[in-house]
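# Structural description and commentary
This is what each chain is made of:
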Amino acid sequence: MKTFIKHANAVKDYGFDVTKWLAGDTIESRTWSVPAGLTKGQEIADGPVSVVFLGGGEVDKTDLSTYLVSLTITTAGGRTEVFPFRLRII
């Protein structure tokens, strides 16, 4: 699982290109799961590419302020997969 680093005051885009995973299938639905403490902004869905803009987050010196964000995709062929990443706030 990938870990990205973001400043608490920054708003940045994060995403996945699932072309290989789709293997010719098409996306029927996609949902971003963003935990409390982060602010979900614009979402972009362009074929196999899914992007979300994230802001906020709190810096906690005791636990490194890491959030788990995920994208769940369901295909027209009936497959479902979760694509997670960690977002560490500095």
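To keep things clear, this report deals only with the structure shown in the data block. All values derive from a computational prediction rather than experimental measurement.

All right, on to the overall build of the chain then. Looking only at helices and strands, the chain has one helix and seven strands in total. Sequence-ordered secondary structure for the chain, helices as α and strands as β, is β-β-α-β-β-β-β-β. Its C-alpha atoms give the chain principal-axis dimensions of about 45 × 20 × 20 Å. Among the 90 residues that make up the chain, the fraction classed as buried is 29%. Contacts spanning at least 24 positions in sequence make up 60% of the contacts within the chain whose residues lie at least 6 apart.

So, on to the packing of aromatic side chains. Following the criterion strictly, the structure yields eight aromatic pairs and no others. Between Trp32 and Phe85, the ring centres sit 6.5 Å apart and the planes meet at 75°, which makes this aromatic pair edge-to-face. With Trp32 in strand β3 (residues 27-33) and Phe85 in strand β7 (residues 80-89), this residue pair connects regions lying 53 residues apart in the sequence. Across the pair, Phe85 and Trp32 agree in class, each one buried. Taken together, Phe4, Tyr14, Phe16, Trp21, Trp32, Phe83 and Phe85 form an aromatic cluster joined through their ring pairs. Directly above the ring of Trp21 sits Arg79, whose terminal nitrogen or CZ lies 4.5 Å from the centroid.

This next bit is on the pattern of salt bridges. The tally for this structure, following the rule as stated, stands at two salt bridges. Between Asp25 and Arg79 there is a salt bridge, with its nearest N and O atoms 3.6 Å apart. Of this pair, Asp25 sits in the loop between α1 (19-22) and β3 while Arg79 sits in the loop between β6 (66-75) and β7, placing them 54 residues apart in sequence. Look at Asp25 and you get partly exposed, because its relative accessible area is 21%. In this structure Arg79 comes out as partly exposed when scored by relative accessible area, which is 31%.

What follows covers the nonpolar core. Counting residues in hydrophobic clusters, the biggest one holds 18 residues, and the most contacted among them are Phe16, Val18, Trp32, Leu54, Phe85 and Leu87. Looking at this core, the elements with two or more residues in it are β2 (12-17), β3, β5 (49-56), β6 and β7. Setting aside chain neighbours within four positions, we find Phe16 in contact with Trp32, Pro48, Val49, Ser50, Leu71, Phe83, Pro84 and Phe85.

Right, let's get into unusual backbone geometry. Phi is mostly negative for residues that are not glycine, and the peptide bonds are mostly trans. One non-glycine residue, Ala23, adopts positive backbone phi at about 45°. As for its position among the elements, Ala23 is in the loop between α1 and β3.

Turning our attention to the side chain of Ser65. Note on placement: Ser65 falls in the loop between β5 and β6. According to the relative accessible area criterion, Ser65 is buried, its value standing at 5%. A distance of 2.7 Å separates the side chain of Ser65 from the backbone oxygen of Glu58, its partner in a polar contact.

Criteria and cut-off values
- Residues numbered from 1 in each chain as written.
- Predicted model: local features only at pLDDT ≥ 70, side-chain atom pairs only at ≥ 80, totals over all residues.
- Heavy atoms only, no water.
- Helix = DSSP H or I, 4+ residues; strand = E, 2+ residues; numbered from the N terminus.
- Buried < 20%, exposed > 50% of the residue type's maximum accessible area, 1.4 Å probe, protein only.
- Contact = heavy atoms within 4.5 Å.
- Phe/Tyr/Trp six-rings, centres within 6.5 Å; stacked < 30°, edge-to-face > 60°.
- Lys NZ or Arg CZ within 6 Å of the ring centre and 35° of its normal.
- Salt bridge = Lys/Arg side-chain N within 4 Å of Asp/Glu carboxyl O.
- Core = buried A, V, L, I, M, F, W, Y, C linked by side-chain atoms within 4.5 Å.
- Polar contact = N/O pair within 3.5 Å; in protein donor to acceptor, adjacent residues only side chain to side chain.

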